[in-house]
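Geometric and topological summary
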Amino acid sequence: GENVEQHPSTLSVQEGDSAVIKCTYSDSASNYFPWYKQELGKRPQLIIDIRSNVGEKKDQRIAVTLNKTAKHFSLHITETQPEDSAVYFCAAPWTGNQFYFGTGTSLTVIP
Amino acid sequence: GAGVSQSPRYKVAKRGQDVALRCDPISGHVSLFWYQQALGQGPEFLTYFQNEAQLDKSGLPSDRFFAERPEGSVSTLKIQRTQKEDSAVYLCASSSRAHQPQHFGDGTRLSIL
């Protein structure tokens, strides 16, 4: 199946700094890459996604970049706030039906 | 409905019992996914439905796991003869069609004693 690797597993930043989380995938046919935020005991929530026909997408403080050649995509959070503290998961499709998730990044924003 | 609804939110069962977990997807969503999430891990794919057709069940860990979506809306994940290793959060997600944003339910936290 799809091999999705996510780094780092934990990340601590000072409030106001930027955070970057990176994922690599193995299936060159993958064409849709979502990012989810999951707070403790809650459902994963889609925060941003990108399709393979674009290289970058932004939504306020959140951006995702995609490098199809290198098969990696990254989540960028700028001007971090304490409420950004959560676990973030990337995902990539496999065979059109399955989605493989990364192992997650626990982000802590220190006030 | 407004979002994906799962029930029960918590389920405790004794080893060997059968359990049934329900998912009510967003109205009109064609695609429905079941995932298993262990503590501290990402969701792991179990199975996928397109309408009432189960197109992929390759992620189901054993033949004790069975899922259905008979009318193309509500889905049930059944686990027979539960084992301790089945303890996890079971998440359901739906999307309008393949490769569209998936919307997750709150999950069912299953504990097998």
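Source: prediction; values computed, not measured.

1. Considerations on the interface of chain A and chain B
Chain A puts 20 residues into the contact, and the matching count from chain B is 23 residues. Buried surface at the junction of chain A and chain B, both sides included, amounts to about 1800 Å², of which 48% is carbon and sulfur. Of all residues in chain A, the largest losses of buried area upon contact with chain B belong to Arg43(A), Asn97(A) and Phe99(A), amounting jointly to 33% of the total for that side. There are one salt bridge connecting chain A and chain B. The residue Asp106(B) makes a salt bridge to Arg43(A) at a minimum N-O spacing of 2.7 Å. Run the count over chain A and chain B and you get six residue pairs in polar contact (both at pLDDT 80 or more). Elements with a minimum of two residues in the side of chain A that touches chain B: strand 4 (32-38), strand 5 (45-51), strand 9 (86-94) and strand 10 (98-101) of chain A.

2. What to know about the state of the cysteines
For the structure on display, the rule yields two disulfides over all chains. Between Cys23(A) and Cys90(A) runs a disulfide, and the two sulfur atoms are separated by 1.9 Å. Given an S-S torsion of about -90 degrees, the disulfide between Cys23(A) and Cys90(A) has left-handed geometry. Of this pair, Cys23(A) sits in strand 3 (residues 19-24) while Cys90(A) sits in strand 9, and the two are 67 residues apart along the sequence. With respect to class, Cys23(A) is no different from Cys90(A); both count as buried. Between the sulfur atoms of Cys23(B) and its disulfide mate Cys92(B) the distance is 1.9 Å. One disulfide, between Cys23(B) and Cys92(B), carries an S-S torsion of -65 degrees and so falls in the left-handed class. A residue pair is termed long-range when its members are at least 10 positions apart, and Cys23(B) in strand 3 (residues 19-24) and Cys92(B) in strand 9 (residues 88-95) qualify at 69 residues. By relative accessible area, which is 0% here, Cys23(B) ends up buried. According to the relative accessible area criterion, Cys92(B) is buried, its value standing at 0%.

3. Details of the sheet that holds strand 6 (residues 56-59) of chain A
Residue and element names in this part refer to chain A. The five strands lie next to each other as 1-3-8-7-6, forming an open sheet whose pairing is antiparallel. A single partner strand is all that each edge strand has here, and the edge strands are strand 1 (5-7) and strand 6. Neighbour-to-neighbour, the strand axes of this sheet turn through a mean angle of 15 degrees, independent of strand direction.

4. Describing the nonpolar core
Among the nonpolar cores identified, the biggest contains 24 residues, and Trp35(A), Phe73(A), Leu75(A), Tyr88(A) and Leu107(A) are the most heavily contacted of them. Here the element with the most residues in this core is strand 9 of chain A; it accounts for four residues. Ignoring any residue separated from it by four or fewer positions in sequence, one finds Phe73(A) in contact with Ile21(A), Lys22(A), Cys23(A), Tyr25(A), Phe33(A), Pro34(A), Trp35(A), Thr65(A), Leu66(A), Cys90(A) and Ala91(A). In terms of nonpolar packing, the next biggest core, distinct from the first, is built from 20 residues, Val4(B), Leu46(B), Leu77(B) and Tyr90(B) among them.

Reading guide: rules and limits
Residues numbered from 1 in each chain as written. Chains lettered and ligands numbered in written order. Predicted model: local features only at pLDDT ≥ 70, side-chain atom pairs only at ≥ 80, totals over all residues. Heavy atoms only, no water. Contact = heavy atoms within 4.5 Å. Buried area = accessible area lost by both parts, 1.4 Å probe. Salt bridge = Lys/Arg side-chain N within 4 Å of Asp/Glu carboxyl O. Polar contact = N/O pair within 3.5 Å; in protein donor to acceptor, adjacent residues only side chain to side chain. Helix = DSSP H or I, 4+ residues; strand = E, 2+ residues; numbered from the N terminus. Disulfide = S-S within 2.5 Å. Buried < 20%, exposed > 50% of the residue type's maximum accessible area, 1.4 Å probe, protein only. Pairing = 2+ DSSP bridges. Axes fitted to C-alpha atoms, helices over the stretch in contact; angles between N-to-C directions. Core = buried A, V, L, I, M, F, W, Y, C linked by side-chain atoms within 4.5 Å.

Geometric descriptors of this kind do not, in isolation, establish any biological role.
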